[in-house]
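Single-letter residue listing:
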2 protein chains.
Amino acid sequence: MTQLESAKKNIITPLVRSIAGKESIPASTLSKTIKQGKAVILCNNKHRLKNPCAVGFGLRTKVNANIGTSTDASGLKEELKKLNACVKYGADAVMDLSVGSCLQKIREGILKHCPIPLGTVPVYEIAVNARKNKRHFLDFGIHDILKTLEEQAKQGVDFFTIHSGVTRKSLAQIKIQPRLMGVVSRGGAILSGWIKRNNKENPFYEYFDRILDIAYAYDVTLSLGDGLRPGSIFDATDKAQIAELRILGELAQRAQSRNVQVMIEGPGHVRLNEIEKNIKLEKKLCHGAPFYVLGPLVTDIAAGYDHISSGIGAAIAASAGADFICYVTPAEHLRLPSLEDVREGVIAAKIAAHAADLVKNYKPAIEWDMNMSRARKKRDWKKQIKYSIDPERAAIFRKSSLPKESRACTMCGKYCSIKIMDESLK
Amino acid sequence: MTQLESAKKNIITPLVRSIAGKESIPASTLSKTIKQGKAVILCNNKHRLKNPCAVGFGLRTKVNANIGTSTDASGLKEELKKLNACVKYGADAVMDLSVGSCLQKIREGILKHCPIPLGTVPVYEIAVNARKNKRHFLDFGIHDILKTLEEQAKQGVDFFTIHSGVTRKSLAQIKIQPRLMGVVSRGGAILSGWIKRNNKENPFYEYFDRILDIAYAYDVTLSLGDGLRPGSIFDATDKAQIAELRILGELAQRAQSRNVQVMIEGPGHVRLNEIEKNIKLEKKLCHGAPFYVLGPLVTDIAAGYDHISSGIGAAIAASAGADFICYVTPAEHLRLPSLEDVREGVIAAKIAAHAADLVKNYKPAIEWDMNMSRARKKRDWKKQIKYSIDPERAAIFRKSSLPKESRACTMCGKYCSIKIMDESLK
C-alpha cells in the first residue's frame, strides 16, 4: 500500500508517525493531510531511507538541491562531495539531474550515500540512452520510458519529475501568446522536441496510467513538472504556463484516485508582485496538491547571484503557501555548480524557507529565532554562533576579527548598542 | 535656496533637470514630487558632487552602503577601498559610520574620493569627541551637537541621520510593551542612554529647530533615524516603533515647512508578512516622505548571510513603496565588514532594488531584463555577461567552466533547452 492508500483507509503508518514526530504535529493531522492530497511523503517503499520527509500543508517548508553530472563534467566523486554539502547544510531532498555518462552507476553511488529522499527526471536517462544506442536523442517510445521508470524505481528513487503537461494543447498556447524565451525547462524542451519530431502526443501524457502503475508499485511520488515554466519574467503567468498547470491539476486528481502521491512543480522567473497569485492559482487548480517551486527568480539579470534572486522569490512563494523550494545556485545560467555554489545555494534556500516558516507560524522556526535573539541580547557569542544558520561560517567571521571588548563585535566595538543599553540600565 | 524651496517656488533647478534626465522622467515631474515632500535630492549645496541622486516616489530605488571605522579597526586606506567597491558595484550613496579615531580626517578623505552623496550619523562624532575630551561619552549638550553638525555640513556631508524620535514618550512605550532586544540602533542607544543619564529630553528633539537652521543653510537632507527600530522579528511593529514613527511624521512636516528636505528611516528585523504593512504605515504617518529602510531582515538567524535575509526584506519593502535601501553585508552581527563583505552587500541590495523597480514599472529596469533575456535566447554569451549585474563575476564563472558546445553552458551541455528548441524548430 502507498502512504496515500493507507491514509485513505485511516491507517497511520509507522512512517507517518515518525515524520509527524519530527514535524511536531499529531500523526493523525499528517495522515489527514496526506489523505486530502495536500501532503506527500517522499519515500520509495523499496528504499531504506534514513531521513525521509513529508512535503505539504502545515509542515516545515522543505528544500531540494539539484546535483548531477553534465555532458561536460561527469564524475561520481565530485557529485558525492556535493551530496555531502547538501546534507550538511540542511537540504531535505536532492535530485540527481545527471545527463553525463554512466547514469545508472552515478545514481547508484548517490543513492548509496544519500540519507535524504532522492528525485530524478527520468526523461534525461531516456534521451541519453537513445543517443547511447546510436539513435537521435528524441527517438524513444513508451516502451523505453516504462523500462527506465521501472529500473529507477527499483533502484530506490523516491520521486520522479514527469513532464506530462507539455502537450499539443499547452504548446499551442505559445503560438497564441508568443514568448520571449520559449521553453527553458530541459525536460520541457525534450518533450516539445519529441512531439514535433514524432508528430504524436507526449507519451508521458498519453500513457499516464501506465506511469501510475509503476509509481503505485514503489510508492514513488510523482512531481508533475512544469515544462512550460517561464524562463524570463516577461513570460510569467502566460497562457502556456496556465494551460499546463490546468492539465497538471487534472493529472494530479487522476494520480490520487489511483493512490499515487503527487506534487506540482512551479516557476521559474516571475516578477515579485506576481508570485503570490501564482501560488494561489496552483493551490486552486491543483486542489491543494503540494507546490514545489524552482525559485522563482525575481529578475533575469542576476547571473552569478541567482541564489539571491531566487531566495527573494522563494521566501515570498513559501510564505504564500509553496511547500517545497528547489534551490538555485550562484552558478545558474553560467556553469555546472561547484561545491561552493552548492553550499551557497542550499543556505540561501534554507533562509528563504525559514523566513516563510516564521510566517507560517511553524513553532520550531519561531523558537530558533527566539533563541538567537536571546543570545544576542545577552551578548553570548557561543550561543549566537550555535544558533546561526551556518555555525561554521559564523565562527570563522567572528574569529577573523576579534574585538577588544570581548562581548561586542568589531562592527560597533565600544559603541555596541546592546552594551550601551545594558550599562545605562545599571 | 534649498531644492525644496526652489520646488515650492516652481523653479526647476539645474540639479533637478540633470537628475530627472538620468531618471528618464520630466524635470517638472521630479520638481513636483520634491515640492510634495515625496522626493529629496541628496546634495549639500557646498559640496561639489559628481553623481548626486534623488530618492523618492516615481524614481529608481536607491541603495546606500555603510562604511566607516570602528574602535577596533581604524584606517582610512581600508575605508577608501570599501568606498571604491561601493561605487564600482553601484551604490547610489554611502554613509560614513566611523566611530574610531581621527573622525574628521577619515571623513575628509572619504569626501575627497566620493563621487556619490555621503551621509553621516553626527551623534557618533559627538559621543567620540566627548570621550576624547575626557568626559563620559554621554556628556554632551546642544552646543556640542550644533558645533558638530555645522562642521560636518561645512565639510560637505549631504545627509544626516538624526535620531530625534527617541524621546521620553517613545521610550516609555518599551515599558508598556517590553521588548526582546530593547534598543539596537547605535544612535538610538546613545540617545536613550543620554536621556537617562541627563534626565532631560533628547536634545535632537528639543532643539530640532536649531538643527533645521543648519540643514537649511547647507541643504543637508535630514534622514530621521529610527532609533527604536526592532532588533528582532519579535519586536517588529510594536508600540515603541510606531510611537517613534508618529513623532518622525510630525518632525518631517516641521522640516518641510522650513524648506528642509527630509526622509524617514525604517526597520530593521521584520517578519516577511509584516513588511508591506510597515511601508504603508510610514507613507501614511509621514505624508509620503521617502522611506529609507535598513533591510528589513526577515529572520534573526542568518548571521553570516544577512545580505540574503535583508535582500529578501528589501525587495519586498521596495516593491511596496520603500524608496531607499540600506545594504546589509554578510558581516552584520559578526564583525566590521571586509572589502568582500561590502561587495556582496552592495550586490544583494542592488538585486533587491532592481527586483522592486521591475514591480514599480521603472522602464530602464524593464529594458535591462529584456536585453538579458534576449541575449539568453540567442545564447549570446558576450551580451549575457554584459547584462549581468556583476559582469566581472559572470565572466569568471563562465571562464572557470567552459563547455564543449560553445553556445551552451556546462550546466546542461548538449541538453541545453534553448539549443534543443532552436534545433527542433529547424
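So, here is what we can say about the structure in this document.

Conventions and cut-offs
- Residues numbered from 1 in each chain as written.
- Chains lettered and ligands numbered in written order.
- Predicted model: local features only at pLDDT ≥ 70, side-chain atom pairs only at ≥ 80, totals over all residues.
- Heavy atoms only, no water.
- Phe/Tyr/Trp six-rings, centres within 6.5 Å; stacked < 30°, edge-to-face > 60°.
- Helix = DSSP H or I, 4+ residues; strand = E, 2+ residues; numbered from the N terminus.
- Buried < 20%, exposed > 50% of the residue type's maximum accessible area, 1.4 Å probe, protein only.
- Lys NZ or Arg CZ within 6 Å of the ring centre and 35° of its normal.
- Arc of directions from axis to C-beta.
- Contact = heavy atoms within 4.5 Å.
- Lys, Arg positive; Asp, Glu negative; His and termini not counted.
- Salt bridge = Lys/Arg side-chain N within 4 Å of Asp/Glu carboxyl O.
- Right-handed = clockwise from strand over helix to strand, strands pointing away.
- Pairing = 2+ DSSP bridges.

For the rest of this paragraph, the subject is the packing of aromatic side chains. The tally for this structure, following the rule as stated, stands at eight aromatic pairs over all chains. Centre to centre, the rings of F137 of chain A and Y415 of chain B are 5.7 Å apart; their planes meet at 90°, and the pair counts as edge-to-face. Remark: Y415 of chain B occurs in the loop between α18 (391–399) and α19 (417–424) and F137 of chain A occurs in the loop between α6 (122–132) and α7 (142–155); the pair is interchain, linking two chains. Residue F137 of chain A shares its accessibility class with Y415 of chain B, and that shared class is buried. Connected via pairs of aromatic rings, a cluster forms that spans F159, Y292 and F324 of chain A. The ring of F397 of chain B has R335 of chain A lying over it, and the distance from NZ or CZ to the ring centre is 3.9 Å. The side chain of R393 of chain B reaches across the aromatic face of Y305 of chain A, ending 4.2 Å from its centre.

Of the residues making up α18 of chain B, those classed as buried are R393, A394, F397 and R398 of chain B. Taken down its axis, α18 of chain B places every buried residue within 135° of arc, on the same side. Set apart from the buried face of α18 of chain B by more than 90 degrees, the exposed residues are I396 and K399 of chain B. On its buried face, α18 of chain B sits against α14 (306–319) and α15 (339–359) of chain A together with α15 (339–359) and α17 (381–386) of chain B.

Moving on, we come to the side chain of R393 of chain B. Note that R393 of chain B resides in helix α18. At 4.6 Å, E344 of chain A is the nearest oppositely charged side chain to R393 of chain B, a buried residue that forms no salt bridge. Leave out the neighbours within four places in its chain, and R393 of chain B touches G304, Y305, H307 and P330 of chain A together with R343 of chain B.

We now examine the pattern of salt bridges. All names here are of chain A. Applying the stated criterion across every chain, the model contains 41 salt bridges over all chains. Residue R60 is joined to D92 by a salt bridge in which the shortest nitrogen-to-oxygen separation is 2.7 Å. Placement of the pair is R60 in the loop between β2 (53–56) and β3 (62–67) and D92 in the loop between α4 (76–88) and β4 (93–96), with a sequence separation of 32 residues. Classification of R60 as partly exposed rests on a relative accessible area of 24%.

Residue and element names in this part refer to chain A. The alternating pattern of β4 places A93 and M95 and V94 and D96 on opposite faces, both of which are buried. For the segment spanning β3, α4 and β4, crossover handedness is right-handed. Strand direction decides the pairing type here: β4 and strand β5 (residues 118–120), joined by three bridges, are parallel. When the bridges of β5 are listed, M95 appears paired with G119. Chirality of the crossover, the property in question, places the unit of β4, helix α5 (residues 103–113) and β5 among those that are right-handed.

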